[in-house]
Amino acid sequence: MIRKTQEMVRKIINTQYSTAPNGYCGNEDCGQMSAWLVFSAMGMYPINPADGVYSITSPFVEQSVVNLESGKQFKITTENQSEENKYIQSMTLNGKPYNKLTITHKEVMQGGELHFVLGANPKR
């Protein structure tokens, strides 16, 4: 996994976002900064919204569920999520090992579960 991406996403969220009145770094830009925060907390964020590819990073939450228009759900679950455990140790997509650094919008829209196991040290 990309260690620096996992470190930087957490650093940005921890230093540039808060619940204070000035909790956004700069201009909210029509919701784009909030959207990036929500996606990143789930463990993925759009690299380029036009190409349908999301970069994977370590989630901030134990579980999130996206209800899809088709009636299916895309669930993201996390084991060992904590401030110290910010590095992805392994992932599965629908119970099968998933070793990619990205996930496509098409894969998300099929529904299923992306499961993360996190740890305190980067996996080599």
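Preceding this section is the structure that the text describes.
Structure report, in brief. (Residues numbered from 1 in each chain as written. Predicted model: local features only at pLDDT ≥ 70, side-chain atom pairs only at ≥ 80, totals over all residues. Heavy atoms only, no water.)

### Observations regarding the overall build of the protein chain
Here is step 1 of the chain: Assigned secondary structure in the protein chain consists of three helices and eight strands.
Here is step 2 of the chain: In terms of overall size, the protein chain behaves like a compact globule, its C-alpha atoms giving a radius of gyration of 14 Å where 124 residues would be expected to give roughly 14 Å.
Here is step 3 of the chain: Along the first, second and third principal axes, the C-alpha set of the protein chain runs to 40 × 35 × 25 Å.
Here is step 4 of the chain: Residue burial in the protein chain is summarised as follows: out of 124 residues, 35% are buried.
Here is step 5 of the chain: A fraction of 61% describes how many contacts in the protein chain between residues 6 or more apart in sequence connect residues 24 or more apart.
Here is step 6 of the chain: Summed over its atoms, the accessible surface of the protein chain is roughly 7400 Å², and 52% of this surface lies on carbon and sulfur atoms. (Helix = DSSP H or I, 4+ residues; strand = E, 2+ residues; numbered from the N terminus. Rg over C-alpha atoms; globule rule 2.2 N^0.38 Å. Buried < 20%, exposed > 50% of the residue type's maximum accessible area, 1.4 Å probe, protein only. Contact = heavy atoms within 4.5 Å. Areas by Shrake-Rupley, 256 points an atom, 1.4 Å probe, with all protein chains shown as cover.)

### Brief notes about unusual backbone geometry
Here is step 1 of the chain: A positive phi is found at Asn80, a non-glycine position, where the angle reads about 65°.
Here is step 2 of the chain: Within the secondary structure, Asn80 sits in the loop between strand S4 (73-79) and strand S5 (87-93).
Here is step 3 of the chain: Even without a glycine there, the phi angle at Asn94 is positive, about 55°.

### Examining the sheet that holds strand S3 (residues 63-67)
In a beta sheet, neighbouring strands are held together by backbone hydrogen bonds and run either parallel or antiparallel to one another.
Here is step 1 of the chain: With respect to topology, five strands assemble into an open sheet ordered S3-S4-S8-S5-S6, the strand pairing being mixed. Two strands in the sheet have a free side with no partner beyond their single neighbour: S3 and strand S6 (96-97).
Here is step 2 of the chain: Note that S3 and S4 share five bridges and pair antiparallel. If you follow Val65 over to S4, its bridge partner there is Lys75. (Pairing = 2+ DSSP bridges.)

### Focus: the sheet that holds strand S7 (residues 102-104)
Here is step 1 of the chain: The strand order S1-S2-S7 describes an open sheet built from three strands, whose pairing is antiparallel. In the strand order of this sheet, the two ends are held by strand S1 (44-48) and S7, each with one partner. Here the average twist between neighbouring strands, direction ignored, is 40°.
Here is step 2 of the chain: Here S1 pairs with strand S2 (residues 53-56) via four bridges, running antiparallel. (Axes fitted to C-alpha atoms, helices over the stretch in contact; angles between N-to-C directions.)

### Notes on helix H1 (residues 3-16)
Here is step 1 of the chain: If you check H1, its first and last C-alpha atoms are 20 Å apart, about what 14 residues at 1.5 Å a residue would give, namely 20 Å.
Here is step 2 of the chain: Residues of H1 that are buried: Thr5, Gln6, Val9, Arg10 and Ile13. One face of H1 carries all of its buried residues, which in axial projection span an arc of 125°. Of the exposed residues in H1, the ones pointing more than 90 degrees away from its buried face are Lys4 and Lys11. (Expected span 1.5 Å × (residues − 1). Arc of directions from axis to C-beta.)

### Structural notes on the side chain of Ser64
Here is step 1 of the chain: Relative to the elements of secondary structure, Ser64 occurs in strand S3.
Here is step 2 of the chain: Accessibility expressed as a relative area gives 13% for Ser64, which makes it buried.
Here is step 3 of the chain: Setting aside anything within four residues of it in sequence, one finds Ser64 in contact with Met42, Phe74, Lys75 and Ile76.

### Quick word on the nonpolar core
Here is step 1 of the chain: Judged by nonpolar contacts, the single largest core of 16 residues is most densely connected at Met44, Phe74, Ile103, Leu114 and Phe116.
Here is step 2 of the chain: Of all elements in the fold, only S2, S4, S5 and strand S8 (112-119) reach the threshold of two or more residues within this core. (Core = buried A, V, L, I, M, F, W, Y, C linked by side-chain atoms within 4.5 Å.)

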